[in-house]
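Residue-level structure breakdown
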Amino acid sequence: QVQLVESGGRLVQAGGSLRLSCAASGRPFSTYAMGWFRQAPGKEREFVATILWSSGSTDYTDSVKGRFTISRDNFKHTVYLQMHSLKPEDTAIYYCAAGARRLGGSYSATAAYDYWGQGTQVTVSS
């Protein structure tokens, strides 16, 4: 089995910063990409950021570009989401995902990922 566990979500004031972590464990698998998605109350699940494991190339949704940074630690098999200048509209459950297949297209869709975490709640007040 493969397990992804997110951590770091909490209540934070608008304008503040937060770092989410997602650690993979269990049965080894080939990692081609890891990403973050979020789902706000009453809204659909939304792509946030992705990172290609080998190259480190990243992609972000427009609403977070310039504020969020996705990064990885290859040795720890962990992906991070560093969030700055948080806004109330960033409030959501944030989900980590891992893609175990090499794809020719984008990793911004949920179908590109094979494993998912249970989510961590981020709440931005004011």
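In this report, we go over the structure that sits alongside the text. Just so it is clear, the model here is predicted, and its values are computed rather than measured.

A few words on the overall build of the chain. Within the chain, the regular secondary structure consists of 0 helices and 11 strands. Ordered by position from N to C terminus, the α and β elements of the chain give β-β-β-β-β-β-β-β-β-β-β. Whereas a compact globule of 126 residues would reach a radius of gyration of roughly 14 Å, the chain reaches 14 Å, a difference of no more than 12%. Considered along the principal axes of its C-alpha atoms, the chain spans approximately 40 × 25 × 25 Å. Across the 126 residues that make up the chain, the buried fraction comes to 44%. Within the chain, contacts between residues at least 6 apart in sequence are counted, and of these 56% link residues at least 24 apart. For the chain, the exposed surface amounts to about 6600 Å²; the carbon and sulfur share of it is 46%. Mean positive and mean negative side-chain charge positions of the chain (13 and 9 charges, respectively) differ by 5 Å.

The next subject is the pairing of strand S7 (residues 68-73). Pairing between S7 and strand S8 (residues 78-83): 6 bridges, direction antiparallel. Considered in S8, the bridge of Phe 68 is made with Met 83. Remark: 4 residues form the turn of the hairpin made by S7 and S8, two consecutive strands paired antiparallel; His 77 in that turn has positive phi of roughly 50°.

Take the sheet that holds strand S1 (residues 2-7) next. An order of S1-S3-S8-S7 is seen for the 4 strands of this open sheet, with the pairing classed as antiparallel. The open sheet has two edge strands, S1 and S7, and neither has a second partner. Across this sheet, the average inter-strand angle for adjacent strands is 15°, counted without regard to direction.

Attention now goes to the layout of surface pockets. Roughly 180 Å³ of volume is contained in the largest pocket. Contributing to the lining of the largest pocket are Arg 38, Gln 39, Ala 40, Lys 43, Glu 44, Glu 46, Ser 63, Arg 67, Lys 87, Glu 89, Asp 90 and Thr 91. Of the residues assigned to the lining of the largest pocket, the class counts are 1 nonpolar, 3 polar and 8 charged.

If you look at soluble globular proteins, the nonpolar side chains tend to sit buried side by side. Of all hydrophobic cores here, the largest spans 29 residues; its most connected members are Trp 36, Val 79, Leu 81, Met 83 and Tyr 94. Within the second largest apolar cluster, 7 residues are counted, among which are Phe 37, Ala 97, Ala 112 and Tyr 113.

What follows covers the packing of aromatic side chains. A complete count under the given rule lists 6 aromatic pairs for this structure. With 6.1 Å between their ring centres and 65° between their planes, Tyr 113 and Trp 116 make a pair best called edge-to-face. Looking at Trp 116, the relative accessible area reads 29%, which means it is partly exposed. Here the aromatic residues Phe 37, Phe 47, Tyr 107, Tyr 113 and Trp 116 are joined through ring pairs into a cluster of three or more. Note that Arg 45 overlies the ring of Tyr 95, its terminal NZ or CZ placed 4.9 Å from the centroid.

All right, on to the environment of Thr 120 then. Inspection of the secondary structure puts Thr 120 in strand S11 (residues 120-125). Considering only alpha carbons, one finds Thr 120 and Gly 8, 112 residues apart in sequence, at a separation of 7.2 Å. Excluding its chain neighbours within four sequence positions, the residues that come into contact with Thr 120 are Glu 6, Ser 7, Gly 8, Gly 9, Leu 20, Ala 92, Ile 93 and Tyr 94. Engagement of the side chain of Thr 120 in a polar contact is seen with the backbone nitrogen of Gly 9, the distance being 3.1 Å.

Rules used in this analysis
- Residues numbered from 1 in each chain as written.
- Predicted model: local features only at pLDDT ≥ 70, side-chain atom pairs only at ≥ 80, totals over all residues.
- Heavy atoms only, no water.
- Helix = DSSP H or I, 4+ residues; strand = E, 2+ residues; numbered from the N terminus.
- Rg over C-alpha atoms; globule rule 2.2 N^0.38 Å.
- Buried < 20%, exposed > 50% of the residue type's maximum accessible area, 1.4 Å probe, protein only.
- Contact = heavy atoms within 4.5 Å.
- Areas by Shrake-Rupley, 256 points an atom, 1.4 Å probe, with all protein chains shown as cover.
- Lys, Arg positive; Asp, Glu negative; His and termini not counted.
- Charge placed at Lys NZ, Arg CZ, Asp CG, Glu CD.
- Pairing = 2+ DSSP bridges.
- Axes fitted to C-alpha atoms, helices over the stretch in contact; angles between N-to-C directions.
- 1 Å grid on protein atoms, 1.4 Å probe; cavity = no way out; pocket = protein on both sides within 12 Å on 5 of 7 lines; lining within 4 Å.
- Points joined across faces, edges and corners; volume = space filled by probe spheres on them.
- Nonpolar A, V, L, I, M, F, W, Y, C, P; charged D, E, K, R; others polar.
- Core = buried A, V, L, I, M, F, W, Y, C linked by side-chain atoms within 4.5 Å.
- Phe/Tyr/Trp six-rings, centres within 6.5 Å; stacked < 30°, edge-to-face > 60°.
- Lys NZ or Arg CZ within 6 Å of the ring centre and 35° of its normal.
- Polar contact = N/O pair within 3.5 Å; in protein donor to acceptor, adjacent residues only side chain to side chain.

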